[in-house]
Amino acid sequence: MTRTGDPRMRPVIEVSDVSFGHNGKVILEHVSLKVRKGDFFALIGPNGGGKTTLLKIILGLLVPSGGTVTVLGQPPGRARSRVGYVPQFRTYDFSYPITVREMVLSGRLSHARFPWARYTPADHEAADRILERLRMAPLAERPVSALSGGEQQRAILARALVGNPEVLILDEPTVYIDAPTEVHFYNILEDLRKDLTVLLVSHDIGVISRHVTRVACLNRRLFTHDSPEITEDMIEAAYQCPVDLIAHGIPHRVLGDHPGEGGSR
Amino acid sequence: MMDAGILSFGFFQNAILAAVLASIACGIIGSLVVVKRMVTVSGGISHAAFGGVGLGYLFSIDPIVGAFFFSVGVALCIGIVKEKAGQEIDTLIGAVWAAGMAVGIISVSLAEGYTPDLFSYLFGNILLVPQGDIILMAVFSACIVAIVALFYLPLQAVTFDEEYARVMNLPVTALSLVLLVLTATCVIILIRLVGIILGIALLVLPAASVRGFTTRLPTMMAASVVLALVLSLSGLFLSYAWDLPSGATIILLGAAVYAVSLVLSRFSPARRWGGGTRSDRRLPQQEGPEGR
């Protein structure tokens, strides 16, 4: 992997020639990608294309059968306290007796040291700040089980952000929320983007919003032009069938160039 | 029938002490077991403990001590195999459950002489708790309280969202093993009260009954402790008054309370918030990671 002298030029996430197989089935094949500081990187592709697997490799939850990954210059798993993660489905039990504040605070445990006995005043301040920022403060003392789908999604986002991560990794964050909530969710993300590098995964090309700076298609192999544009050949290579890009009321700029946005970086 | 003098009997004081100690342990651990959905694993561990009782008889060790080491061993094995095998441990638990009991039955049959109190290990007898076992129960309960208090936050994180706990670099495997060993310890505490066969019910029923009425884990634990105490003391007095087997009486009371709680929880404050029904607000659960 290349390392330049200027740390700002070093990719935040660098995936080099990663392959992954499970039970004899090839899931990822020679995947390489670089996410640079300040990127809003969208990774799209069909279901079963390996998107979640790639994220889990980047998070260090799965070990690739070949290739290397670095996150913030470190092996995956080492930099976890600087990475926020919004999983694809709720990975927790809906009826668990926990309040929104407790759930958000638990995101601070990535900074805590053995034996993680108490939250510090700084932890509580960080939780208050992020709850305020995501307009969740009035819900802080509610049990998580009493939240709507959109509120749960914001609580999950708050937990990912409470540790002040440098990188935010989102896996299909809006699949189960309605359209207005989705718009609100992306507005929040846009607001947060100033201090964050974002890697977002979706199977639905409709979610590729105008905020995205770079995009790639993953279906076992990675198809990219290193630009914010999705081209028809990328889509067709990834989905292996012609895809109607106008389908979901996608902003027109998804296809072709749009001055003043993205461009070369 | 009961008379005012029964509290002065030594065995009655022991019984009440045993009920208090067991309630503390099973209220705390039972809550964690219920929210983590490890009821089946705990059932396997508690029944396998009979293997330790049998080996105790065979090698002339205190059967309770034998049961402790055996069930801790079983808990660690299940935890380690689970780590390797992923989610497919149903069969393993069933096998361990039955194999542990089989070890116990064979050991008891090989043990020389009469095994008088075997029945009380299986079904418990709160009226016949020896002084020495009270001390053992006190030590075990104190360990459970201390460990859960010390590791409360990471234990909450692991039982709430295991994958996220892993993403946060918490030692998820170690914490899960700690929880399994604490469960095994708790099962041993419950043997004298309700026995190996019924232990899982006293572990789980109080926590499951209060779950619908509590919105935080500490409240759930406290309410479970209180309910477990009410159940075991009621069972104790009923069994004394009507000469019923104490363990079974406690468990039947617990099952009845659980049934009532299922109905009442529809009106509980935990559901008061927000509008709509639960199913409206339910997001799909993770069905398994993509591509695995």
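Below you will find a few notes about this structure. All of these numbers come straight from a predicted model, not from anything done at the bench.

## Comments concerning the overall build of chain B
Line of reasoning, step 1. Helix and strand counts for chain B stand at twelve helices and zero strands.
Line of reasoning, step 2. Listing every helix and strand of chain B by position from the N terminus yields α-α-α-α-α-α-α-α-α-α-α-α.
Line of reasoning, step 3. Counting every position in chain B, which comprises 292 residues, the buried fraction comes to 52%.
Line of reasoning, step 4. Nonlocal contacts in chain B, meaning residues at least 24 apart in sequence, comprise 78% of its contacts between residues at least 6 apart.
Line of reasoning, step 5. Carbon and sulfur atoms provide 69% of the accessible area of chain B, an area that totals close to 12,700 Å².

## A short note on helix α4 (residues 149–161) of chain A
Line of reasoning, step 1. Its 13 residues give α4 of chain A an end-to-end C-alpha distance of 18 Å, which sits within 8% of 18 Å, the value for a rise of 1.5 Å per residue.
Line of reasoning, step 2. A large share of α4 of chain A lies buried, amounting to 13 of its 13 residues.

## A short note on the side chain of Ser141 of chain B
All names here are of chain B.
Line of reasoning, step 1. Relative to the assigned elements, Ser141 resides in helix α6 (residues 131–150).
Line of reasoning, step 2. For Ser141, a relative accessible area of 3% gives the class buried.
Line of reasoning, step 3. Excluding its chain neighbours within four sequence positions, the residues that come into contact with Ser141 are Leu21, Ala25 and Ile189.

## Thoughts on α6 of chain B
All names here are of chain B.
Line of reasoning, step 1. If you check α6, its first and last C-alpha atoms are 29 Å apart, about what 20 residues at 1.5 Å a residue would give, namely 28 Å.
Line of reasoning, step 2. Those residues of α6 that fall on the buried side of the exposure criterion are Asp133, Ile134, Met137, Phe140, Ser141, Ile144 and Val148. All buried residues of α6 fall inside an arc of 130° around its axis, so they share one side. Exposed side chains of α6 directed beyond 90 degrees from the buried face belong to Gln131 and Ile135.
Line of reasoning, step 3. In this structure, the buried side of α6 is in contact with α1 (10–35), α3 (63–85), α7 (152–160), α9 (172–211) and α10 (217–242).

## Considerations on a nonpolar patch on the surface
Line of reasoning, step 1. Side chains of Phe213, Val260, Leu264 and Phe267 of chain B sit close together on the surface and give an oily, nonpolar patch of about 410 Å² of accessible area.
Line of reasoning, step 2. Positionally, Phe267 of chain B belongs in the loop between α11 (246–264) and α12 (278–281).

## Thoughts on the interface of chain B and chain A
Line of reasoning, step 1. Listed as interface residues are 41 residues of chain B and, on the opposing side, 51 residues of chain A.
Line of reasoning, step 2. Counting across the interface, chain B meets chain A through three salt bridges.
Line of reasoning, step 3. Ionic pairing is found between Lys56 of chain A and Glu163 of chain B, a salt bridge with its closest N-O pair at 3.1 Å.
Line of reasoning, step 4. Listing elements by their share of the side of chain B that touches chain A, those giving two or more residues are α7, α8 (162–167), α10 and α12 of chain B.
Line of reasoning, step 5. A per-element tally of the side of chain B that touches chain A places α7 of chain B first, with seven residues.
Line of reasoning, step 6. The residue inventory of the side of chain B that touches chain A, partitioned by class, reads 21 nonpolar, nine polar and eleven charged.

## A short note on the sheet that holds strand β1 (residues 13–22) of chain A
Residue and element names in this part refer to chain A.
Line of reasoning, step 1. The three strands lie next to each other as β2-β1-β4, forming an open sheet whose pairing is antiparallel. In this open sheet, the two strands that pair with only one neighbour each are β2 (25–35) and β4 (66–71). Between one strand axis and the next, the sheet turns by 25° as a mean value, whatever way the strands run.
Line of reasoning, step 2. Pairing of β1 with β4 involves five bridges; the strand directions are antiparallel. In the sheet register, Val15 faces β4, and the bridge partner there is Val69.

## A look at the pattern of salt bridges
Line of reasoning, step 1. Using the criterion set out here, one finds 15 salt bridges over all chains in the structure.
Line of reasoning, step 2. Glu102 of chain A serves as the salt-bridge partner of Arg216 of chain B, at 2.8 Å between the closest nitrogen and oxygen. Of this pair, Arg216 of chain B sits in the loop between α9 and α10 while Glu102 of chain A sits in helix α2 (residues 100–106), on two different chains.
Line of reasoning, step 3. Classification of Arg216 of chain B as partly exposed rests on a relative accessible area of 34%.
Line of reasoning, step 4. Of the residues examined, Glu102 of chain A reaches a relative accessible area of 10% and is grouped as buried.
Line of reasoning, step 5. Notably, a salt bridge pairs Arg159 of chain A with Asp161 of chain B, separated by 3.0 Å at the nearest N-O pair. With one member in each of two chains, Arg159 of chain A in helix α4 and Asp161 of chain B in the loop between α7 and α8 form a pair that bridges those chains. Comparing Arg159 of chain A with Asp161 of chain B, the two get one shared label, buried.
Line of reasoning, step 6. A cluster of three or more residues bridged by salt bridges with shared partners is formed by Lys36, Glu83, Glu162 and Arg166 of chain B.

Parameters at a glance
Residues numbered from 1 in each chain as written. Chains lettered and ligands numbered in written order. Predicted model: local features only at pLDDT ≥ 70, side-chain atom pairs only at ≥ 80, totals over all residues. Heavy atoms only, no water. Helix = DSSP H or I, 4+ residues; strand = E, 2+ residues; numbered from the N terminus. Buried < 20%, exposed > 50% of the residue type's maximum accessible area, 1.4 Å probe, protein only. Contact = heavy atoms within 4.5 Å. Areas by Shrake-Rupley, 256 points an atom, 1.4 Å probe, with all protein chains shown as cover. Expected span 1.5 Å × (residues − 1). Arc of directions from axis to C-beta. Patch = residues over 30% accessible without salt bridge, like charges linked within 9 Å, V, L, I, M, F, W, Y side chains within 5 Å. Salt bridge = Lys/Arg side-chain N within 4 Å of Asp/Glu carboxyl O. Nonpolar A, V, L, I, M, F, W, Y, C, P; charged D, E, K, R; others polar. Pairing = 2+ DSSP bridges. Axes fitted to C-alpha atoms, helices over the stretch in contact; angles between N-to-C directions.

Nothing here speaks to function; it is all geometry.
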